[in-house]
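What the coordinates show
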Amino acid sequence: MKRRIFACMLACVFLTGGCGQPAGTPEESPAETAPEEALSLESGTEDPDAGNGDLAVQEEEPDLHEYDFTLAFAGDINLGDDWGTMDYYREQENGIRGCIDPQLIERMQTADLMCLNLECCLSDAGAPMEGKAYTFRGSPDHVGILKELGVDLVNLANNHVFDYGEEAFLDMLSVLEEAGLPKVGAGADAQEAQAPWYGTFDGKTVAVVSATRAEKYILTPEAGENTPGVFRCYEMENLLSTVEEADRNADFVIAYIHWGTEYSEKLEEAQTEGARALAEAGADVVLGAHPHCLQGAEYFNGTPVFYSLGNYWFNEKTLDTTLLELHFYGNDEEQYLEVTPVPARQEGYYTRLLTDPQEADAWQTHMEEMEPSGIWFDKNGIAREVE
């Protein structure tokens, strides 16, 4: 990596906790913007030979290009019309606010970037893929739910976006484009599917790279030179090249990978080795989804790794989850990253913020104990790297 993050902390947020105020809105930017030259003036003292009325010339402070922004990420969300989440949604007077805690939605909406994993296709077309036990398709109108949640970027690198075939998949790409929602991790061809998403915040360029290696029996097609599909990473070479490209073009790179074993806290070797390879290739943060439950966290050479963000709003099961907030701030001389996993729980088709201290403590302990047991929380709720 061509930059260094000098401090990186993970903060478990309670009711009174949180990151700093967000700054700015995302705008797509394909390349890094060079900082302006700082202005400096000579002399800060009065010239003894000057006339009595002359004033001292004051030296101006250089512009250090300060920045401060927050990116938020969540795990799996399912808007399939033949699934329990949307049955529950249709029963609620307040729509999605009756399904996801309004306090969580507020945090999603106020983040400078909100990204989650859409675990279905949005289309009225197609038919269920043969051979799949679970196939998910939601109405194109459900894109409005994503907008209401404050979603700015949709992750499509998963094993359900192609559940209803090519026509429905391409239809979904059009639905997202018409709604002004960019996507990452899948596309109409390999070039589109593998492309990083770029956004600019307070003069800093952020890249998000997404890929999937979730299926034990591979059914979801990989995007080809002229065919649609997802960005696969069973072999890491293309993914690592994409991360290296993103690192050259961006100040900060987030890798968001669909991997792991469903409903298991045990990590696969492909996850641990893959996370290290991604960090070495230039990722500043490595995130995961697919297991439908939280998995553990660690640092690798200063890079925070959260192996699975869990179900954000996916089914009725009682499972811990999180809204992960990445708070980047600093200037030309110092750079900082605070990672805040907001404690939450999915239960009975409702996802809520954990505000009770005992529940939050139990959530914290759960995070500490899951392998690789790479973090611990101090009395202030800051998660430190286990030495």
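In short, a report on the structure.

Cut-off values and rules
Residues numbered from 1 in each chain as written. Predicted model: local features only at pLDDT ≥ 70, side-chain atom pairs only at ≥ 80, totals over all residues. Heavy atoms only, no water. Helix = DSSP H or I, 4+ residues; strand = E, 2+ residues; numbered from the N terminus. Buried < 20%, exposed > 50% of the residue type's maximum accessible area, 1.4 Å probe, protein only. Contact = heavy atoms within 4.5 Å. Areas by Shrake-Rupley, 256 points an atom, 1.4 Å probe, with all protein chains shown as cover. Axes fitted to C-alpha atoms, helices over the stretch in contact; angles between N-to-C directions. Left-handed = near helix turned anticlockwise from the far one by under 90°. Nonpolar A, V, L, I, M, F, W, Y, C, P; charged D, E, K, R; others polar. Salt bridge = Lys/Arg side-chain N within 4 Å of Asp/Glu carboxyl O. Pairing = 2+ DSSP bridges. Lys, Arg positive; Asp, Glu negative; His and termini not counted. Polar contact = N/O pair within 3.5 Å; in protein donor to acceptor, adjacent residues only side chain to side chain. Arc of directions from axis to C-beta. Core = buried A, V, L, I, M, F, W, Y, C linked by side-chain atoms within 4.5 Å. Phe/Tyr/Trp six-rings, centres within 6.5 Å; stacked < 30°, edge-to-face > 60°. Lys NZ or Arg CZ within 6 Å of the ring centre and 35° of its normal.

**Details of the overall build of the protein chain**
- Looking only at helices and strands, one finds eight helices and 21 strands in the protein chain.
- The burial tally for the protein chain puts 55% of its 387 residues in the buried class.
- In the protein chain, the share of contacts with a sequence separation of at least 24, taken over all contacts with a separation of at least 6, comes to 73%.
- About 16800 Å² of surface is accessible on the protein chain, with carbon and sulfur atoms providing 45% of the total.

**Re the packing of helix 6 (residues 237-249) against helix 7 (residues 269-281)**
- Close contact between helix 6 and helix 7 brings their axes to 8 Å; oriented N to C, the two are set at 30°. Crossing of helix 6 over helix 7 shows right-handed handedness. On helix 7, the residues that touch Leu239, Leu240, Val243, Glu244 and Asp247 of helix 6 are Ala277, Leu278 and Ala281.
- Per-class residue counts for the contact of helix 6 with helix 7 are six nonpolar, no polar and two charged.

**Quick look at the pattern of salt bridges**
- All told, the structure shown has twelve salt bridges when counted by the stated rule.
- In this structure, glutamate 268 engages lysine 216 in a salt bridge whose closest nitrogen and oxygen atoms are separated by 2.6 Å. With glutamate 268 in the loop between strand 12 (252-258) and helix 7 and lysine 216 in the loop between strand 10 (204-212) and strand 11 (229-230), the pair connects residues that are 52 residues apart, well separated along the chain.
- In this structure lysine 216 comes out as exposed when scored by relative accessible area, which is 54%.
- Connected via shared salt-bridge partners are Asp320, Arg345, Glu347, Arg352 and Glu359.

**Comments concerning the sheet that holds strand 15 (residues 303-306)**
- A sheet is described by the order of its strands in space; here six strands give the open sequence 9-10-12-13-15-14, paired in mixed fashion. Pairing within the sheet leaves two strands with one partner each, and these edge strands are strand 9 (197-201) and strand 14 (297-300). Here the strands of the sheet are splayed against their neighbours by 20° on average, with no regard to which way each runs.
- Across four bridges, strand 14 lies against strand 15 in antiparallel orientation. Among the inter-strand pairings, phenylalanine 300 is bridged to a residue of strand 15, identified as threonine 303.
- Seen against the sheet, helix 6 touches strand 9, strand 10 and strand 12 and runs at an angle of roughly 175° to strand 10.
- In the packing of helix 7 onto the sheet, contacts are made with strand 12, strand 13 (285-289), strand 14 and strand 15, and the angle to strand 14 comes to roughly 40°.

**Considerations on the side chain of aspartate 101**
- Its place among the elements puts aspartate 101 in the loop between helix 1 (84-91) and helix 2 (102-110).
- Salt bridges are absent for the buried aspartate 101, whose nearest opposite-charge side chain, arginine 352, sits at 6.9 Å.
- Among the polar contacts listed, one links the side chain of aspartate 101 to the backbone nitrogen of glutamine 103, at a separation of 2.9 Å.
- Polar contacts involving the side chain of aspartate 101 include one to the main-chain amide nitrogen of leucine 353, which spans 3.1 Å.
- Apart from the residues within four sequence positions on either side, aspartate 101 is in contact with Tyr350, Thr351, Arg352 and Leu353.

**Observations regarding the pairing of strand 3 (residues 113-118)**
- Taking burial as the measure, the six residues of strand 3 include six buried ones, the bulk of the element.
- Bridge count between strand 3 and strand 6 (residues 153-155): three bridges; the pairing is parallel. Along strand 6, the bridge assignment pairs asparagine 117 with asparagine 155.

**Notes on helix 2**
- When helix 2 is considered as a whole, its buried residues turn out to be Leu104, Ile105, Arg107 and Met108. One side of helix 2 carries all its buried residues, which in axial view fall inside an arc of 160°.
- On the buried face of helix 2, the contacting elements are strand 3, helix 3 (143-148), strand 16 (311-313), strand 17 (319-330), strand 18 (335-347) and strand 19 (350-353).
- Taking the backbone nitrogen of glutamine 103 as reference, a side-chain oxygen 2.9 Å away marks aspartate 101 as the first, capping residue of helix 2.

**Quick look at the nonpolar core**
- Ranked by internal contacts, the top residues of the largest apolar core, which has 46 residues, are Leu79, Leu118, Leu146, Leu149, Leu156, Met172 and Leu323.
- Going through the elements one at a time, strand 2 (67-77), helix 2, strand 3, strand 4 (121-122), helix 3, helix 4 (165-178), strand 16 and strand 18 are the ones with two or more residues in this core.
- Per element, the largest residue contribution to this core is six residues, and it comes from helix 4.
- Once residues within four sequence positions are removed from consideration, leucine 149 is found in contact with Ile77, Ile96, Ile100, Ile105, Met108 and Gln109.
- Core analysis: the second largest hydrophobic core is formed by 34 residues, Leu153, Phe201, Ile254 and Leu324 among them.

**Description of the environment of glutamine 346**
- Note that glutamine 346 resides in strand 18.
- Taking C-alpha positions, glutamine 346 is 6.6 Å from tryptophan 313, a pair spaced 33 residues apart along the chain.
- Within the local environment of glutamine 346, its side chain forms a polar contact with the backbone oxygen of lysine 317, the two atoms lying 2.8 Å apart.

**Points about the environment of cysteine 99**
- Structurally, cysteine 99 can be placed in the loop between helix 1 and helix 2.
- Each C-alpha atom of the pair cysteine 99 and arginine 352 lies 8.5 Å from the other, and the pair is 253 residues apart in sequence.
- When neighbours within four sequence positions are excluded, cysteine 99 is seen to be in contact with Tyr88, Tyr89, Gln92, Trp313, Tyr349, Tyr350 and Thr351.

**Considerations on the packing of aromatic side chains**
- Tallied over the entire structure, the rule returns 15 aromatic pairs.
- Over the ring of tyrosine 263 we find lysine 317; its NZ or CZ atom is 5.4 Å from the centre of that ring.

Remember that the coordinates give geometry; whether it matters functionally is a separate question.
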